[in-house]
Amino acid sequence: MGEDRRLRAVVELAQGMAAAHTPRDSWRAAALGACHALAGSFAALSVWERELGRLRVLANVGERAPDEEEFPDGEAYPVHQFPEITEFLHERWAGGGGPNAWVETADGPAAGPVGYCHQRVAALRRRRRGCCVVAPIVLHGRAWGELYVARPVTAPVFDRADAEFATVLASVVAAGLAQTERLEEARRLAFTDALTGLANRRAVDVRLDEAIDLHRQEGAAVSLVVCDLNGLKNVNDTRGHAVGDRLLERFGSVLSLCGAMLPGTLAARLGGDEFCLLAVGPPADEVVRIADELCRRAAELELGEGVACGVASTADPIGPVRSARRLFRLADAAQYRAKAVRAAKPVVAGREGPDDPVVRLADAPSPVRGERRRFRGRHEHPRP
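Residues numbered from 1 in each chain as written. Predicted model: local features only at pLDDT ≥ 70, side-chain atom pairs only at ≥ 80, totals over all residues. Heavy atoms only, no water.

A. Up close: empty space enclosed by the protein. In the structure shown here, the tally under the stated rule is one cavity of 30 Å³ or more. Its boundaries defined by the atoms lining it, the largest cavity holds a volume of some 60 Å³. Lining the largest cavity are Met 17, Ala 18, Ala 20, His 21, Thr 22, Pro 23, Gln 179, Thr 180, Leu 183, Glu 184 and Arg 187. Considering each element in turn, the lining of the largest cavity owes the most residues, five residues, to helix H5 (residues 160-190). Of the residues that constitute the lining of the largest cavity, the class distribution is five nonpolar, four polar and two charged. (1 Å grid on protein atoms, 1.4 Å probe; cavity = no way out; pocket = protein on both sides within 12 Å on 5 of 7 lines; lining within 4 Å. Points joined across faces, edges and corners; volume = space filled by probe spheres on them. Helix = DSSP H or I, 4+ residues; strand = E, 2+ residues; numbered from the N terminus. Nonpolar A, V, L, I, M, F, W, Y, C, P; charged D, E, K, R; others polar.)

Next up, the structure:
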């Protein structure tokens, strides 16, 4: 391959990864770009999962064998079968060498540094491929995984120049993966509360809108538990904000634990001392039971004064719920009532008869005197 063509291939690989919107898109773009650049018939991208001691395949592209899926769920290999990724290459880097690619054929090593090739040779024969080039991927100064490109038996065997070019491609892939990681971290932070690690208000807005759409289309039960952590201001004023933050973190853990009792439930911190659980599917009584458990556990915390908890569910007699805003107002009104009467258990919207005070408060046409500020603003802003 001429220098100009190789340069174009590098640019196309980088552009393909830059245009990716998800990690899977990025993995696929990396494998496809390398496969095209090296005139291969098949390529794979794998990650070294240190904590599990395995090399896990993220993407397979090109002419796949019957047992090779594009994005496999369980294709992984113990690293002891491919120790070059952990031992051989590590020794080279520790000694000042670079993470160079190497070539193997169905008959054994062909070019480049010699690794431990037995398993790869067996795989080439089993899948009727003639040769492969393996390029380690180094990210943030550590072995991240590998790029693998193969050719059929009828194609020319990769040579040393191909191995050197694969090393260059691996560095381009590493740069693309680093960018993907930064984007994913930014996306994660955009929907995560920094202090507690729970979902944040933005994540709740998005999930609740989706849940209400599902309720309108399919009748799915959507339940919202809104909590106000009692005593936070007193803790901040008397013991300092660091201790107050510890209370928020501790309650966040309790909320997460209780939310896990309802499969698929989102646990979130709305801001300040306000938290919520969003459940789609479970019966209303089951959600109320978990909310009661949450109140009990919160009351047992060393700090704070328990929690005021309100519940609203489309499965209860609260009238039609056509918007996320209405369900939020109902749960918020229930929580407001729980706080006002110092309830030790959750207050549930719609369970006090036809003239339910919570429903009446939530559906008031305009804020009543003394009503909390949140009723005037919640969910009246455009969705991000």
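B. Inspection of the environment of Lys 233 at higher detail. Mapped onto the elements of the fold, Lys 233 is located in helix H7 (residues 232-239). Given a relative accessible area of 61%, Lys 233 falls into the exposed group. Through-space distance from the C-alpha of Lys 233 to that of Asp 273 is 8.9 Å; in sequence the pair is 40 residues apart. At 2.7 Å, the side chain of Lys 233 and the side chain of Asp 237 are in polar contact. (Buried < 20%, exposed > 50% of the residue type's maximum accessible area, 1.4 Å probe, protein only. Polar contact = N/O pair within 3.5 Å; in protein donor to acceptor, adjacent residues only side chain to side chain.)

C. Geometry of the packing of aromatic side chains. Scanning the entire structure with this criterion turns up two aromatic pairs. Both rings, one in Phe 42 and one in Tyr 148, keep their centres 6.2 Å apart while their planes meet at 75°; by these two values the pair is edge-to-face. Placement of the pair is Phe 42 in strand S1 (residues 42-49) and Tyr 148 in strand S7 (residues 142-152), with a sequence separation of 106 residues. For Tyr 148, a relative accessible area of 12% corresponds to the buried category. Ring centres of Phe 251 and Phe 275 lie 4.9 Å apart, and the angle between their planes is 75°; this geometry places the pair in the edge-to-face category. A residue pair is termed long-range when its members are at least 10 positions apart, and Phe 251 in helix H8 (residues 241-259) and Phe 275 in strand S10 (residues 274-280) qualify at 24 residues. For Phe 275, a relative accessible area of 0% translates into the label buried. Over the face of the ring belonging to Phe 42 we find Arg 129, whose NZ or CZ atom lies 3.8 Å from the ring centre. Positioned above the aromatic ring of Phe 328, the side-chain terminus of Arg 201 is 5.3 Å from the ring centre. (Phe/Tyr/Trp six-rings, centres within 6.5 Å; stacked < 30°, edge-to-face > 60°. Lys NZ or Arg CZ within 6 Å of the ring centre and 35° of its normal.)

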